[in-house]
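# Residue-level structure breakdown
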Amino acid sequence: MNTRIVELDVLRYDPETDSEPHFQHYSVPCAEEWVVLDALNAVKESIDPTLNYRWSCHMAVCGSCGMMINGEPKLSCHAFLRDYAGVIRVEPLANFPIERDLITVADDFIDKLKRVKPYLIPARNEPVPEGEYKQTPAQLMKYRQFSMCINCMLCYAACPEYALQPMFLGPAAIALAHRYNLDSRDGGRDERQEVIASHAGVWDCSFVGACSEVCPKAVDPAAALQQVKVASTIDWFKEHLLPGGGK
Amino acid sequence: MSRKPFVREVSKTGWYFKQPRYLRYMSREVTCIFIGAFALLLLCALGRLSEGQASYESFLAALQGPWSIFGLLVVLLFAVHNATSWFNVTPKAMPVQIGEDFLPGKYIVAAHYAVWIVVSLAVLLLAGAF
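Residues numbered from 1 in each chain as written. Chains lettered and ligands numbered in written order. Predicted model: local features only at pLDDT ≥ 70, side-chain atom pairs only at ≥ 80, totals over all residues.

## Overview of the domain arrangement of chain B
Condition: The split of the chain into domains comes from an automatic or database domain assignment.
As assigned here, chain B comprises domain 1 (15-87) and domain 2 (93-130). With centres defined by C-alpha atoms, the gap from domain 1 of chain B to domain 2 of chain B works out at 23 Å.

## Structural notes on helix H6 (residues 171-181) of chain A
Residue and element names in this part refer to chain A. What counts, and what does not: Exposure criterion: with C-beta atoms placed from backbone coordinates, a residue whose C-beta has 20 or more other C-beta atoms within 10 Å is buried, one with 12 or fewer is exposed, and one in between is partly exposed. Helix and strand assignments come from DSSP, with helices taken as H or I runs of at least 4 residues and strands as E runs of at least 2, each series counted from the N terminus. We call two residues in contact when the distance between their C-beta atoms, placed using the backbone, is within 7 Å.
The buried fraction of H6 amounts to 11 of the 11 residues, a majority that puts the element mostly inside the structure. All buried positions along H6 are accounted for by Pro171, Ala172, Ala173, Ile174, Ala175, Leu176, Ala177, His178, Arg179, Tyr180 and Asn181. Looking at the buried residues of H6, the elements they touch are helix H2 (107-115), helix H3 (137-143), helix H4 (154-158), helix H7 (189-196), helix H8 (210-214) and helix H9 (221-241).

## Some remarks on the sheet that holds strand E2 (residues 22-31) of chain A
Residues and elements named next belong to chain A. Formally: Think of it this way: DSSP has to see at least two bridges between two strands before they count as a pair. Convention adopted: a line fitted to C-alpha atoms gives each axis, helices being fitted over their contacting stretch, and angles between N-to-C directions are expressed from 0 to 180 degrees.
The five strands lie next to each other as E2-E1-E5-E3-E4, forming an open sheet whose pairing is mixed. Strands at the two margins of the open sheet, each flanked by one partner only, are E2 and strand E4 (72-75). Put simply, the sheet's adjacent strands are angled 35 degrees from each other on average, direction ignored. Two strands pair when backbone bridges link them, and strand E1 (residues 3-12) and strand E5 (residues 88-92) are joined in this way by three bridges, in the parallel orientation. Residue pairing for E5: Val10 is matched across the bridge by Val90. Running over the sheet, helix H1 (residues 36-47) touches E1, E2, strand E3 (66-69) and E5 and is turned about 100 degrees from E2.

## Overview of the nonpolar core
All names here are of chain A. This is how the line gets drawn: A set of buried residues qualifies as a nonpolar core if it consists of Ala, Val, Leu, Ile, Met, Phe, Trp, Tyr and Cys joined through C-beta atoms within 7 Å.
Counting 66 residues, the largest nonpolar core has Val36, Ala39, Met153, Cys155, Ile174 and Leu176 as the members making the most contacts within it. Tallying contributions element by element places H6 first for this core, with seven residues. There are two domains that each give this core at least three residues, and those are domain 1 (3-104) and domain 2 (107-246).

## Description of the pairing of E4(A)
Residue and element names in this part refer to chain A. Sheet topology places E3 next to E4; four bridges connect them, and they run antiparallel. Looking at the pairing, Gly66 lines up with Leu75 of E4. Taken together, E3 and the strand that follows it, E4, pair antiparallel across an intervening segment of two residues, in which Asn70 is found at a positive phi of about 50 degrees.

## Looking at the environment of Val202(A)
Residues and elements named next belong to chain A. Within the element layout of this structure, Val202 appears in the loop between H7 and H8. As for Val202 and Leu37, which are separated by 165 residues in sequence, their C-alpha atoms are 34 Å apart. Setting aside residues no more than four positions away along its own chain, Val202 makes contact with Ile174, Ile196, Ala197, Leu225, Val228, Lys229 and Ser232.

## Structural notes on the pairing of E5(A)
Residue and element names in this part refer to chain A. Burial analysis of E5 places four of its five residues in the buried class, which makes it a mostly covered element. Note: E3 against E5, three bridges, orientation antiparallel. The residue bridging Met68 from the neighbouring strand is Glu91, located in E5.

## Examining the interface of chain B and chain A
Worth spelling out the cut-off: Three categories are distinguished: nonpolar for Ala, Val, Leu, Ile, Met, Phe, Trp, Tyr, Cys and Pro, charged for Asp, Glu, Lys and Arg, and polar for the others, with Gly belonging to the last.
Counting residues at the interface gives 18 residues for chain B, matched by 25 residues for chain A. If one sorts the elements of the side of chain B that touches chain A by residue count, helix H1 (residues 20-29) of chain B sits on top with three residues. Along the lines of polarity and charge, the residues of the side of chain B that touches chain A split into 10 nonpolar, two polar and six charged.

## Considerations on the domain arrangement of chain A
It is common to give the size of an interface as the accessible area lost on bringing the parts into contact. Residue and element names in this part refer to chain A. Taken domain by domain, chain A consists of domain 1 (3-104) and domain 2 (107-246). Domain 1 puts 12 residues into the contact, and the matching count from domain 2 is 12 residues. Counted by class, the side of domain 1 that touches domain 2 contains eight nonpolar, four polar and no charged residues.

## Focus on the confidence of the model for chain B
Do not read the predicted coordinates in detail wherever pLDDT is low. Condition: On a scale of 0 to 100, pLDDT captures the predictor's confidence in every residue.
Chain-level pLDDT for chain B is 94 on average; 99% of the residues reach the 70-or-more range. The ipTM value of the predicted complex is 0.89, and its pTM value is 0.92.

Structure (structure tokens):
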């Protein structure tokens, strides 16, 4: 196994003793094929067991190990050491409060996710004997890419609007609302519109597009937000120009 | 164990220098200043037109100077940047699904450029440029 010494600058914060975060340097023997998460695991196992961070699957599926790596939001299990030269700076995800070391407080995102009702709200409840709700492949493709979101919050860390206006619902929550709005089996759009078509919803987005650039699952939240803007604008014109509000 | 989450301060100004993608975004947004200035110039032109031929012609003459032409070229540059940067992201806002597939974005972008060229030629034709 080829190994090299990787230099890490990791942001540390202990809420019990620190008034503010500070960087701590680690020199870690690493294998060539390792990712940043492996290097952190090596630190915790052999150098400093007090280092705290979240991770679970190590295969870019669970969305737990998002961090800022050299200032860029990344899944640390998806960031190969061979792609970095010099000292690698590892910080907690931007735009979220730091709970401890690389662990952030995700409460705001979880709360916003709940508010957009990211689950199927059937238009009509069919009796079980009538069988499953059917969907064609074309109907599936309409929302499929937005269903790939793993709630890793990298898009929130990349979004300058969320950084400047914390009330903003943000990319992933709105993209997931859009995913269910596009689902042929769903009838909950009106309930979600109240939240996502509000000022703190899509209208706080100025289309920087950073969310889509950093998404590790190639979801395009920026596209979802622009599509919600178009649909909401059409709603507004229908409501104000058509007899009966276009209902 | 008590919780004491640390909130990192976000700079309200200068944040767009942190990432090239933020600078790209700001370069698109800043075009509105130049396009707004040109809209004001057009309003001035209309005002001068309403004052009569002599007033309008002196206004046009003032626009012939080298600094005016330089300013208009700068506005044109920013207007083109505004138009192209928005055209390039249109596939995100208006995806076209055909059966199970989506029309590749390049066709949607190309359609915008085609309409832009046709409309520009029509305006130039009406203005007597040909």
